[in-house]
Amino acid sequence: MANRVLLGKKIDWDATAIGILGAAVGYTLETSLFTTPTINNRSLGDINNDGNVNITDAIAANKYANDPSLNTQAEIDYIEQVLGPYMVTNSSTYSAYIVGDGLWVSKAGADVLRADDYDLLFDSTRAEAGLQFSAGSATVTVTSSTATGTYYSNWIYFNGDQSALNYTPVVFANRVTSSQYFKVPELTSAVDSYNDGSLKTAAWQFHRTYMEFLDNIRFRFVIRNFYTGSGFFGLTAGTYTFKYITLTAGGSTVTAA
Ligand SMILES: [Ca+2]
């Protein structure tokens, strides 16, 4: 069972692995931190409990930081129940290996105790309020360069299982070409609809790309083209690519009236 929420001090296990490596090769400071202190006659950094603090223990800490399925259960238990709590209790001594005080929430399936940025939903030590929820791309194919028409991408679901979120995430998107980015929604350029030399912005501007949302479940990209009888305005026939990023900002307990 992965830990999802951590309130307190978060240990940098990659840095700790380097610290134990320093103790293993005899560096004075690291030896004082990981070899000299003992708990039940066992050096603090002796993760595999073989009586020495050596490279094997540094590797065990590195495995824990990156893929604990490579650790033995005894190593994990020692790291989580003895080594980690000791470092947190003596946080001023081990400050080089502690991220700081804060609140962290990991994604489902990720253990918050060792989660990297991409495995976190929330990190109170960051200035950013919203973290990335998902990102990707979609295409819209326009089939006519001469007729009024509306064209859609496939639906993009916020959740992989197509279930609804309890809020609508913030979505930013661009239409992209090989060399340019266009903010979505796009407006058409103003057009000289009466061919009198002046641009009729108010009358003839319209969205030519935008996003359509359905509840808190999904969204899609839309291209609208317009034929006035005398001219075609919009994106000509072809396939257009959109890129998007969704942020976890937007959560709220407010219920719509
Ligand atoms: Ca050892």
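Scope of this entry: the structure provided in the associated data block.

Rules used in this analysis
Residues numbered from 1 in each chain as written. Predicted model: local features only at pLDDT ≥ 70, side-chain atom pairs only at ≥ 80, totals over all residues. Helix = DSSP H or I, 4+ residues; strand = E, 2+ residues; numbered from the N terminus. Buried ≥ 20, exposed ≤ 12 C-beta atoms within 10 Å, placed from the backbone. Pairing = 2+ DSSP bridges. Axes fitted to C-alpha atoms, helices over the stretch in contact; angles between N-to-C directions.

**A short note on unusual backbone geometry**
Right, so step 1: With an omega of 5°, the peptide bond between valine 184 and proline 185 qualifies as cis.
Right, so step 2: Its location among the elements puts proline 185 in the loop between β10 (181-183) and β11 (186-187).
Right, so step 3: Not every positive phi belongs to a glycine, and asparagine 40 is a case in point at roughly 55°.
Right, so step 4: According to the C-beta neighbour criterion, asparagine 40 is exposed, with 5 such atoms within 10 Å.
Right, so step 5: One non-glycine residue, asparagine 49, adopts positive backbone phi at about 60°.
Right, so step 6: With respect to the helices and strands, asparagine 49 occurs in the loop between β3 (42-43) and α3 (55-66).
Right, so step 7: The exposure class of asparagine 49 is partly exposed, given the 13 C-beta atoms found within 10 Å.

**A short note on the sheet that holds strand β5 (residues 120-123)**
Where strands meet in a sheet, backbone hydrogen bonds hold them as pairs that are either parallel or antiparallel.
Right, so step 1: The three strands are arranged β1-β4-β5 in an open sheet whose pairing can be described as antiparallel. In the strand order of this sheet, the two ends are held by β1 (5-11) and β5, each with one partner. Pairwise comparison of adjacent strand axes, ignoring direction, gives a mean angle of 40° for this sheet.
Right, so step 2: The sheet contact formed by β1 and strand β4 (residues 98-106) spans seven bridges and is antiparallel. Across the sheet, leucine 6 pairs through a bridge with tryptophan 104, a residue of β4.

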